[in-house]
Each structure stands twice: as C-alpha cells, then as structure tokens.
Amino acid sequence: MRKSLRSRSGSGGRSGGRGPARTARRRAGTAAATAALLAVSGLLAGCGVFGGSSSDAEAERAAPSARPPLWNRAPASVAAVGDSITRGFDACVVLADCPEVSWSTGTDSKVRSLALRLLGAPAAKERSWNHAATGAKMSDLPGQLAQAAQNKPELVTIMVGANDACQDTAKQMTPVADFRKSFEASMRQLRAGAPKAQVYVSSVPDLKRLWSTGRGNPLGRQIWKLGICATMLGDSQNMSKLAQDRRNMVYERVVAYNNVLKDVCAKDPRCRYDGGAVFDFRFTGDQLSHWDWFHPSKDGQSRLAEIAYRNVTAVKPPV
C-alpha cells in the first residue's frame with residue numbers, strides 16, 4: 001500500500017515537473033476548439049440553422065414584397081364591363097342605351113359617375129371606356145374583359161348577372177356552376193392582358209325588390225309585358241303560390257350569383273367586391289326608369305356611382 005502511494009506520488013512529482021507546459025498546451029487547444037466552434041456556429045447561423053441570423057433580417061425585408069399589393073384608392077383610368085345597367089339603358093330615352101349617364105364611366109355632370117368622381121371631367125373623357133352591352137350575361141364577360149384589358153386600365157368595374165336570372169322561364173336561368181366557371185374564366189382573361197388592373201365587382205341588384213317597387217305603376221306593368229325579365233316581372237300582379245315560388249327562385253338564384261362574385265373576387269388580391277351594397281340598396285320610384293320601372297333612372301345611376309366611389313376609395317374593402 002505504501003509502495004503504491006509512493007508510486008503515485010512519484011508520478012505526481014514527474015507530471016508536476018512538466019505541468020506548466022502541458023497546461024499551456026491544453027489551454028491553447030481549448031481556445032482553438034472554442035474558436036472553431038464559434039466560427040462554425042456563425043456559419044450555420046448565417047445559413048439559417050440557428051435563429052437571429054442575418055438571413056432573418058433579409059427575410060423580413062423581403063416579406064413586404066410578398067404581401068398582396070395595397071389597393072390604389074385613386075386609380076387614373078377606368079374601364080367598365082357588364083350589362084344594360086352599365087350602359088344606362090332606359091335612363092334617357094325609351095328602350096335605348098344612354099352611356100353618358102352610366103354609373104361607371106358616364107359624362108353627365110348630374111349623375112357624377114365613378115370616373116368623373118375619380119378623374120375629373122377632362123380626364124374622364126380620355127381615360128375611361130365602356131365595354132358593357134345591353135343583354136349581356138356572365139358568359140359574355142370574358143370577351144368584354146379582353147377588350148377592356150387592351151385599354152390597360154388601372155381600374156375595371158364589373159356589374160353583370162341580372163340577365164342570367166332574367167330569362168323567359170326559371171329553368172333557363174344560368175346554373176350557378178356555369179356562372180362561376182364563366183366568372184373565373186373572365187378573371188383569367190383580364191389577368192392575361194392586364195395583370196395589375198384593379199377590379200371592382202358590384203353585386204347583382206335584388207330583382208325581387210325592383211319588382212315590388214315598380215309593380216304599382218300602370219305604365220311599368222305594361223312595359224313589363226313586352227318581356228323584360230319575365231322570370232321576375234312576368235304576370236306581375238299574380239300573387240298565387242306558384243307565382244311567388246317562381247319569384248323566390250329567382251331571388252335565391254341572384255343570392256347564389258352574388259356569393260360566387262364574392263368568392264371568386266376574394267381569390268384575387270387586386271379585386272374588391274362591394275359587400276352586397278347594390279343588392280341591399282332600396283331603389284325608390286325616383287331611382288327607377290320612368291319608361292320601364294325596372295332599370296335605374298339618372299337618379300338611380302347616381303346612387304350606384306355613390307356606392308362605387310365610396311367602396312373604391314375606402315381604406316378597407318366592404319365587409
């Protein structure tokens with residue numbers, strides 16, 4: 001046991017003789033290893049393996065460009081597509097278009113169209129275009145948007161869908177699936193020619209409310225017999241269950257169309273739906289054409305322009 005202790009003591013004595021050099025080498029090795037570890041850690045951090053790296057800052061700087069573009073509340077040009085409402089049908093003369101009073105691109109100072117409010121009179125004449133067509137349905141929209149894209153507008157307004165519900169019979173109304181397919185194709189068509197154009201989509205008006213408002217006018221009832229929106233206005237004084245079921249079917253189809261407009265528009269970061277504002281608007285007799293008591297009058301066109309201007313210039317889209 002003593003020998004063992006002496007041996008250990010001897011070893012300790014010999015190592016004690018070389019202690020400072022060995023300790024220095026050990027410290028140098030540790031320092032080198034630490035430096036290498038720090039260098040590797042820094043390299044890995046730069047590659048994004050660890051948090052708090054320079055790449056995080058770069059990602060933060062790059063993030064804003066990946067966000068949807070901000071809505072331009074003051075577009076410098078406007079193109080309109082849609083149906084007879086956007087053409088100002090029956091607002092000036094009987095059974096004829098009157099685009100100068102269009103809610104979107106009209107030049108009438110009393111209506112004060114969206115284009116006039118946004119651009120002013122001189123610029124509106126040069127930088128607004130109306131490609132809408134009386135009688136147009138959603139299936140016609142791709143062609144209209146292809147024309148609008150050629151103008152390179154900063155804003156395109158869309159109001160279409162009433163004619164898809166206004167048919168001779170309820171069975172002839174455009175199926176909702178077809179309506180959606182055509183609207184999606186329309187948006188693709190626009191994006192192919194005008195990828196940065198903003199789009200303002202108006203909801204389809206409540207046709208049942210228009211029937212309820214206009215049915216009390218004798219002249220309107222006579223004009224309705226010519227075949228204007230027969231699914232809703234036909235046999236306008238008939239209050240039987242069969243007639244009411246037909247009108248309710250048209251009402252529900254319009255609601256479904258508006259849901260499609262909302263859904264498809266929501267998928268495009270440069271598209272803004274009106275939140276159902278036009279559908280909810282309560283047209284009065286003064287706001288309906290005094291020739292057919294169905295299409296908007298000049299006053300009605302002005303109200304549509306007010307709704308559009310409010311929504312286009314709002315900081316946030318309507319809910």
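For the structure, check the block above.
Residues numbered from 1 in each chain as written. Predicted model: local features only at pLDDT ≥ 70, side-chain atom pairs only at ≥ 80, totals over all residues. Heavy atoms only, no water.

Student: An account of the overall build of the protein chain is requested, with residue identities and associated values reported.
Tutor: Looking only at helices and strands, the protein chain features 13 helices and five strands. Residue burial in the protein chain is summarised as follows: out of 319 residues, 44% are buried. Within the protein chain, contacts between residues at least 6 apart in sequence are counted, and of these 72% link residues at least 24 apart. (Helix = DSSP H or I, 4+ residues; strand = E, 2+ residues; numbered from the N terminus. Buried < 20%, exposed > 50% of the residue type's maximum accessible area, 1.4 Å probe, protein only. Contact = heavy atoms within 4.5 Å.)

Student: Go over the sheet that holds strand β3 (residues 155–159) with me, naming the residues and quoting the values.
Tutor: In space, the five strands of this open sheet follow the order β2-β1-β3-β4-β5, with parallel pairing throughout. Looking at strand neighbours, the two that pair on one side only are β2 (128–130) and β5 (271–273), the edges of this open sheet. Taking each pair of neighbouring strands and ignoring which way they run, the sheet shows an average axis angle of 15°. Inspection of the sheet shows strand β4 (residues 198–201) paired to β5 by three bridges, in the parallel sense. What sits directly across from Val 199, in β5, is Cys 271. Sitting on the sheet, helix α11 (residues 241–266) is in contact with β4 and β5, with an inclination near 150° to β5. (Pairing = 2+ DSSP bridges. Axes fitted to C-alpha atoms, helices over the stretch in contact; angles between N-to-C directions.)

Student: Outline the environment of Thr 213, listing residues and values.
Tutor: Turning to its location among the elements, Thr 213 is positioned in helix α8 (residues 207–214). On a C-alpha basis, the gap between Thr 213 and Phe 283 in space is 7.5 Å, while along the polypeptide they are 70 residues apart. Residues contacting Thr 213, with those up to four places away along its chain left out, are Phe 283, Thr 284, Gly 285 and Leu 288.

Student: Which residues make up the pattern of salt bridges, and what values do they have?
Tutor: With the rule as written, the count across this model stands at five salt bridges. One salt bridge connects Arg 180 with Asp 263, and the closest N-O pair in it is separated by 3.5 Å. Placement of Arg 180 in helix α7 (residues 176–193) and of Asp 263 in helix α11 is noted, with a sequence separation of 83 residues between them. Here Asp 268 and Arg 191 are joined by a salt bridge, their closest N and O atoms 2.8 Å apart. Separated by 77 residues along the polypeptide, Asp 268 in the loop between α11 and β5 and Arg 191 in helix α7 bring together distant segments of the chain. (Salt bridge = Lys/Arg side-chain N within 4 Å of Asp/Glu carboxyl O.)

Student: An account of the packing of α8 against α11 is requested, with residue identities and associated values reported.
Tutor: The geometry of α8 relative to α11 is characterised by a closest axis approach of 8 Å and an angle of 135° between their N-to-C directions. Comparing their axes, α11 and α8 come out oblique. From α8, Leu 207, Lys 208 and Trp 211 reach across to α11, where they touch Arg 247, Asn 248, Val 250, Tyr 251 and Val 254. Broken down by class, the residue content of the contact of α8 with α11 amounts to five nonpolar, one polar and two charged. (Parallel < 35°, antiparallel > 145°, perpendicular 65-115°, else oblique. Nonpolar A, V, L, I, M, F, W, Y, C, P; charged D, E, K, R; others polar.)

Student: Give me the state of the cysteines: which residues, what numbers.
Tutor: When the sulfur atoms of two cysteines share a covalent bond, that bond is a disulfide. Counted by the stated rule, this structure contains three disulfides. Disulfide pairing is shown between Cys 92 and Cys 98; the S-S distance is 1.9 Å. On the sign convention where negative means left-handed, the S-S torsion of about -70° between Cys 92 and Cys 98 marks this disulfide as left-handed. Sequential numbering of the bridged cysteines in the protein chain gives the disulfide pattern 1-2, 3-4, 5-6. (Disulfide = S-S within 2.5 Å.)

Student: Account for the nonpolar core, with residues named and values stated.
Tutor: Of all hydrophobic cores here, the largest spans 69 residues; its most connected members are Ile 158, Phe 183, Val 201, Leu 207 and Phe 294. It is α11 that provides the largest number of residues to this core, a total of seven residues. When near neighbours in sequence (up to four residues on either side) are disregarded, Leu 207 contacts Ala 162, Ala 165, Cys 166, Cys 229, Met 232, Val 250, Val 254 and Phe 294. (Core = buried A, V, L, I, M, F, W, Y, C linked by side-chain atoms within 4.5 Å.)

Student: Tell me about the pairing of β4, and name the residues and values.
Tutor: Neither face of β4 is exposed, since Gln 198 and Tyr 200 on one face and Val 199 and Val 201 on the opposite face are all buried. Across four bridges, β3 lies against β4 in parallel orientation. Residue pairing in the sheet places Ile 158 in a bridge with Val 201 of β4.

Student: An account of the packing of aromatic side chains is needed here, citing residue identities and associated values.
Tutor: With the rule as written, the count across this model stands at three aromatic pairs. Ring geometry for Tyr 251 and Phe 279: centres 5.9 Å apart, planes at 45°, overall tilted. Placement of Tyr 251 in helix α11 and of Phe 279 in helix α12 (residues 277–280) is noted, with a sequence separation of 28 residues between them. Overall, Phe 279 belongs to the buried group, its relative accessible area being 12%. On the basis of an interplanar angle of 85° and a centroid distance of 4.8 Å, the ring pair of Phe 281 and Phe 283 is categorised as edge-to-face. By the burial criterion, Phe 281 is buried, and Phe 283 matches it. (Phe/Tyr/Trp six-rings, centres within 6.5 Å; stacked < 30°, edge-to-face > 60°.)

Student: Please set out a nonpolar patch on the surface residue by residue, giving values where relevant.
Tutor: A contiguous nonpolar patch, built from Val 94, Leu 95, Leu 226 and Trp 291 and spanning about 390 Å² of accessible area, is present on the exposed surface. In this fold, Trp 291 is placed in the loop between α12 and α13 (298–312). Classification of Trp 291 by relative accessible area gives partly exposed; the value is 33%. (Patch = residues over 30% accessible without salt bridge, like charges linked within 9 Å, V, L, I, M, F, W, Y side chains within 5 Å. Areas by Shrake-Rupley, 256 points an atom, 1.4 Å probe, with all protein chains shown as cover.)

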